[in-house]
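Residues per chain, in single letters:
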Amino acid sequence: MTTFSHFCPEHTGMLVFIAIAITTGLLPVRRSSSKNALTAALILSILTLTGEAVQDILLVRDGGNILDFLPLHLCNLGIFVNLLASLTRGKVRAFFAEVSLVLIMPGSIGALLFPDWTYRPFWSGVSMLCFFTHTLIVFIPLIFLVRKEVRVSFKHFWYPYLFLALVTPPIYILDSRLGRNYFFLMYPTKDSPLELIYNLTGEKFYLAGLLVLITLMLLIVYSVCLVINRISKK
């Protein structure tokens, strides 16, 4: 097998395994102290960065261009957001932890569901590292949530927009000048929800369609968190 497809038996099995692993991993987090949980978040963030570096080394060794593998996709930026959330305190930690939870975690879930590394063999080292790092990017913000280091509120709805306003313009300029597609700003990945947006809006309004998609996703995530917060208070 030189490639794999979305939701093939191997991919589906991996998704089930990841869901079980995340659920199981959160159990000791709930019982641990906040200090130990935050230490774990920091260690896992460093491990994610290490996995990303090893992955890029393997890709370059196989003949890839390093410019194609810079950590500039949303999930990649989540590595640094999680590091900042682990290393800071107070409102700064709350900001980065919430951005990680409401914006980057859903993006990583989307990447796990619709991976763009299907051009690699499923059991290759690169594919396994991609699944591994994206799983950690989903898991780490859940540590902050379980330990109540982040309190999601519609009052903070502007947090992810501020983050995107800071990082998107330079990435778009880089994409335009170097012919890359970080953040999938130029075109969508094949057989993903982004492709549906592209087909509906066309190239001209693709970015506007992405903004609408992000807003809808954020509304759903914030609404779910609001319901969870109200249930937990009862």
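This report concerns the structure included in the present document. Computed from a predicted structure; not experimentally measured. (Residues numbered from 1 in each chain as written. Predicted model: local features only at pLDDT ≥ 70, side-chain atom pairs only at ≥ 80, totals over all residues. Heavy atoms only, no water.)

## Some remarks on the side chain of arginine 93
Looking at the element boundaries, arginine 93 is found in helix α4 (residues 90-113). Among the polar contacts made by the side chain of arginine 93, one reaches the main-chain carbonyl oxygen of threonine 88 at a distance of 2.6 Å. Those residues within four positions of arginine 93 in sequence are excluded, and the remaining contacts are Leu38, Ala85, Ser86, Thr88 and Glu149. (Helix = DSSP H or I, 4+ residues; strand = E, 2+ residues; numbered from the N terminus. Polar contact = N/O pair within 3.5 Å; in protein donor to acceptor, adjacent residues only side chain to side chain. Contact = heavy atoms within 4.5 Å.)

## Topic: helix α2 (residues 34-61)
Between its first and last C-alpha atoms α2 spans 40 Å; for 28 residues at 1.5 Å apiece the expected length is 40 Å, and the two agree. Those residues of α2 that fall on the buried side of the exposure criterion are Ala37, Leu38, Ala41, Leu44, Ser45, Thr48, Gly51, Glu52, Gln55, Asp56 and Leu59. Glycine 63 sits one or two positions beyond α2 and adopts a positive phi of about 105 degrees. (Expected span 1.5 Å × (residues − 1). Buried < 20%, exposed > 50% of the residue type's maximum accessible area, 1.4 Å probe, protein only.)

## Considering a nonpolar patch on the surface
Nonpolar side chains collect at one region of the surface, where Phe154, Val212, Leu216, Leu219 and Leu226 lie side by side and expose about 410 Å² of accessible area between them. Here leucine 216 shows up in helix α8 (residues 206-233). The partly exposed category is assigned to leucine 216, whose relative accessible area is 47%. (Patch = residues over 30% accessible without salt bridge, like charges linked within 9 Å, V, L, I, M, F, W, Y side chains within 5 Å. Areas by Shrake-Rupley, 256 points an atom, 1.4 Å probe, with all protein chains shown as cover. Salt bridge = Lys/Arg side-chain N within 4 Å of Asp/Glu carboxyl O.)

## Notes on the pattern of salt bridges
When charged atoms on two side chains of opposite charge get close, those side chains can pair. Here the structure, examined in full by the defined rule, presents 4 salt bridges. The closest approach of N and O atoms between arginine 180 and aspartate 68, which form a salt bridge, is 2.9 Å. On the criterion of sequence distance, the pair formed by arginine 180 in the loop between α6 (159-178) and α7 (193-201) and aspartate 68 in the loop between α2 and α3 (74-87) is long-range, its members being 112 residues apart. The class for aspartate 68 is partly exposed, based on a relative accessible area of 40%. Each of the salt bridges in this network shares a partner with another, and the network as a whole consists of Arg61, Asp62 and Arg120.

## A look at the environment of histidine 6
Within the secondary structure, histidine 6 sits in the segment before α1 (9-31). Once the C-alpha coordinates of histidine 6 and leucine 70 are considered, the two residues, 64 residues apart in sequence, prove to be 24 Å apart. Setting aside anything within four residues of it in sequence, one finds histidine 6 in contact with His11, Leu113, Phe114, Pro115, Thr118, Lys190 and Asp191. A distance of 2.9 Å separates a polar side-chain atom of histidine 6 from the backbone oxygen of proline 115.

## A short note on the nonpolar core
Judged by nonpolar contacts, the single largest core of 64 residues is most densely connected at Val102, Phe131, Phe144, Phe163 and Phe183. For this core, the secondary-structure elements that each account for two or more residues are α1, α2, α3, α4, α5 (125-146), α6, α7 and α8. Not counting residues up to four positions away in its chain, the partners in contact with phenylalanine 183 are Leu72, His73, Leu74, Leu77, Leu164, Val167, Thr168 and Ile171. (Core = buried A, V, L, I, M, F, W, Y, C linked by side-chain atoms within 4.5 Å.)

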